[in-house]
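Residue-level structure breakdown
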Amino acid sequence: MATFLIVDDAKVMRINLKKMIEELGHEVLAEASTGYQGIEAYKEHLPDIVTMDITMPGERSIKDGIDAVKGIIDFHPAAKIIMVTSHGEQNKVISAIKSGASNYLLKPIQLEKLEEIVNSLLVDKNKSEE
Amino acid sequence: MELDSNILKKLTIRTINYLKQDLGMNDINNSFNIEKVDSIKYKELTSFISLSMDIKGTFFISVNNAISKEMVENFIYGEVSEDVIDELASENLSETLNVVVGNILSEIEIIKNGGNVDMSTPTLVEDNSILIDKNYDILYVCKIIYKNEEIILGYFI
């Protein structure tokens, strides 16, 4: 079982992702609705995996999900972050990956695809801990 | 430059597929007609997303409350309570627009050729009396039918 932080400004997305993550047998430790809150929640809970929306309202100096990725990676370079996108923001996905995100998940989210990405990240995490 | 009506056609086809395949709303009628209009009367809930950089314009989706509730009920994985449906119906309409607009952008010629686009966060209007008048250069709308009710999709610049 892995632990998760969900960062998304849309409550409907947070609820949906939480249900899917729990269906896969994992635990959601915390949710956040801005990138800034996401960084703070990461530092407090240290989840195994973060799901991160790209376009969110700015708070303080963190204007979107890409800034939040940078903030989390600065704090913990080995953090595992999955960007969640509808793909229209392809340039932003590339920017997020360059900033340290591990992978991305296309909306509408399919349970099987979420499981595939999570399992690959957990394999990577276990290898790096050995 | 790709015709603006063709962009709305892509959005309409993607929306029909999304509602059928991802939300299980199989009673959606596949036929649709795109019109250039001067004004439009919104349904009870309308969500807008604006594009900037190499594509400029605003997409919207407009539905009545009953359809928006059915959409959120079908969107959320597993069982969902009536309270949650009522609370999240309007937000889910914005999420639906975000998904379908995002999904079609990579099919638009200017983006295929390396162009960039920025999508705004969605904005929501809960007022069925608002009319778009002649304030825009181009206003296309498309109405799709679900259980005898209209779902209106639009694009204006």
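None of the values given here were measured: they were computed from a predicted structure.

A word on the interface of chain A and chain B
With 20 residues of chain A at the interface, the matching set in chain B holds 23 residues. Elements with a minimum of two residues in the side of chain A that touches chain B: helix H1 (11–23) and helix H4 (90–98) of chain A. Among the elements that take part in the side of chain A that touches chain B, H1 of chain A stands out by supplying 8 residues, more than any other. For the side of chain A that touches chain B, a count of residues per class yields 7 nonpolar, 8 polar and 5 charged.

Considerations on the confidence of the model for chain B
Residues shown with low pLDDT carry predicted positions that ought not to be read at fine detail. Residues and elements named next belong to chain B. Mean pLDDT for chain B: 91, with 97% of residues reaching 70 or above. Here strand E7 (residues 131–132) stands out as the element of chain B with the lowest mean pLDDT, 74, in contrast to helix H2 (residues 65–75), whose mean of 96 is the highest. Across the assembled chains, the prediction reports ipTM 0.88 with pTM 0.91.

Details of the pairing of strand E1 (residues 3–7) of chain A
Residue and element names in this part refer to chain A. Most of E1 is tucked away, with 4 of its 5 residues classed as buried. Taken together, the 5 bridges between E1 and strand E2 (residues 27–32) define a ladder with parallel strand orientation. Bridge pairing in E2 links Leu5 to Ala30. Considered for its hand, the β-α-β crossover made up of E1, H1 and E2 is right-handed. Judged from the 4 bridges that link them, E1 and strand E3 (residues 49–53) form a sheet pairing that is parallel. The residue of E3 that forms the bridge with Leu5 is Val50.

Quick notes on unusual backbone geometry
All names here are of chain A. Cis geometry is adopted by the peptide bond preceding Pro108, which originates at Lys107 and carries an omega value of -5°. One non-glycine residue, Leu46, lies in positive phi territory at about 45°. Its place among the elements puts Leu46 in the loop between helix H2 (35–45) and E3.

About the cut-offs
- Residues numbered from 1 in each chain as written.
- Chains lettered and ligands numbered in written order.
- Predicted model: local features only at pLDDT ≥ 70, side-chain atom pairs only at ≥ 80, totals over all residues.
- Contact = placed C-beta atoms within 7 Å.
- Helix = DSSP H or I, 4+ residues; strand = E, 2+ residues; numbered from the N terminus.
- Nonpolar A, V, L, I, M, F, W, Y, C, P; charged D, E, K, R; others polar.
- pLDDT = per-residue confidence, 0-100.
- Buried ≥ 20, exposed ≤ 12 C-beta atoms within 10 Å, placed from the backbone.
- Pairing = 2+ DSSP bridges.
- Right-handed = clockwise from strand over helix to strand, strands pointing away.

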